Amino acid sequence: MQKLAVFVDETHSSGDDSRYVSWDFFASSLQTAAIGSGIRVLLSGTQADAEEQKGEPLSNATITKTTLPSPLQRACLAARTARDQKGKNILVLDMKGLHPLYDFFILATGSSRRQLHNLAEEIDSRLQAVGDQRIGIEGYQSSKWIVQDYTDLLVHVFDPATREYYALEELWADAPRIDWENQEEDPVD
């Protein structure tokens, strides 16, 4: 594991705020990292580029300051997308104060491997359309429980047996349920 320091220059959009940010370098190429509310750092460099620069700021990092819709709006967007793709038993759980990493869990059930893949890809496509970026996905190949990580949202897509077995809504019974169908419309509409 290697540490990368990336110079983040926000002077073009927010005054004189410039700073260094470091990440643990786990992969041979780091694509995106979230460094604050609505700020994404896009890196095209590789580990070799970072080693070549010997601790200097990574020169080929570009900053995109994006105003993302709120986590609640994006969670509702994910839920509506699951509904549009014929997902069943869709829940949005408010995890603020209950989970240290995520503001919302979105849970949906699909009836087949193909539908689980479709739900995961369509949700990702809609969230990308509003500027969000998936930073991880697990379970796609096995297609029993697909988990997508969006930094402050965690999207769970299950087959019926796996959803019943793990019963996340019971495990997180203290989490308030969001009435996502009556929330503000999609931020891309």
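For the structure itself, consult the block above.
Formed by 24 residues in total, the largest nonpolar core has its most connected members in V92, F104 and I106. Broken down by secondary-structure element, the contributors of at least two residues to this core are helix 3 (71-84), strand 6 (88-94), strand 7 (104-109), helix 4 (113-129) and strand 10 (153-158). Per element, the largest residue contribution to this core is six residues, and it comes from helix 3. For V92, the contacting residues outside a window of four places in its chain are A75, A79, F104, F105, I106, P176, R177, I178 and W180.

Once that is clear, we can look at the pairing of strand 9 (residues 145-149). Counting buried positions along strand 9 gives four out of five residues, so the element sits mostly inside the fold. Note: strand 8 (residues 136-138) against strand 9, three bridges, orientation antiparallel. The residue of strand 9 that forms the bridge with I137 is Q148. Here strand 8 folds back onto strand 9, and the loop between the two strands holds six residues, one of which, G139, carries a positive phi near 85°. Sheet analysis places strand 9 next to strand 10, joined by five bridges and oriented antiparallel. Directly across from I146, in strand 10, lies its bridge partner V157. The turn joining strand 9 and strand 10, which pair antiparallel and follow one another in sequence, is formed by three residues; a positive phi near 70° is taken by T151.

The first and last C-alpha atoms of helix 3 sit 20 Å apart over 14 residues, in line with the 20 Å expected at 1.5 Å per residue. The element helix 3 is largely enclosed, with a buried count of 10 among its 14 residues. Where helix 3 is concerned, the buried positions are Q73, R74, A75, C76, L77, A78, A79, R80, T81 and A82. Buried residues in helix 3 make contact with strand 6, strand 7, helix 4 and strand 10.

With six of its six residues buried, strand 10 lies for the most part within the structure. Judged from the six bridges that link them, strand 7 and strand 10 form a sheet pairing that is parallel. Residue pairing in the sheet places F105 in a bridge with L154 of strand 10.

The strand order across the open sheet built from five strands is 6-7-10-9-8, with neighbouring strands paired in mixed fashion. The open sheet has two free edges, formed respectively by strand 6 and strand 8, since each of these has just one partner strand. Averaged over all pairs of adjacent strands, the angle between their axes in this sheet comes to 10°, without regard to strand direction. The strands that helix 3 touches are strand 6, strand 7 and strand 10; relative to strand 7, the one it contacts most, it runs at about 0°. Along the sheet face, helix 4 touches strand 7, strand 9 and strand 10 and points at about 10° away from the line of strand 9.

What counts as what
- Residues numbered from 1 in each chain as written.
- Predicted model: local features only at pLDDT ≥ 70, side-chain atom pairs only at ≥ 80, totals over all residues.
- Heavy atoms only, no water.
- Core = buried A, V, L, I, M, F, W, Y, C linked by side-chain atoms within 4.5 Å.
- Buried < 20%, exposed > 50% of the residue type's maximum accessible area, 1.4 Å probe, protein only.
- Helix = DSSP H or I, 4+ residues; strand = E, 2+ residues; numbered from the N terminus.
- Contact = heavy atoms within 4.5 Å.
- Pairing = 2+ DSSP bridges.
- Expected span 1.5 Å × (residues − 1).
- Axes fitted to C-alpha atoms, helices over the stretch in contact; angles between N-to-C directions.

What is shown is where atoms sit, not what they do.
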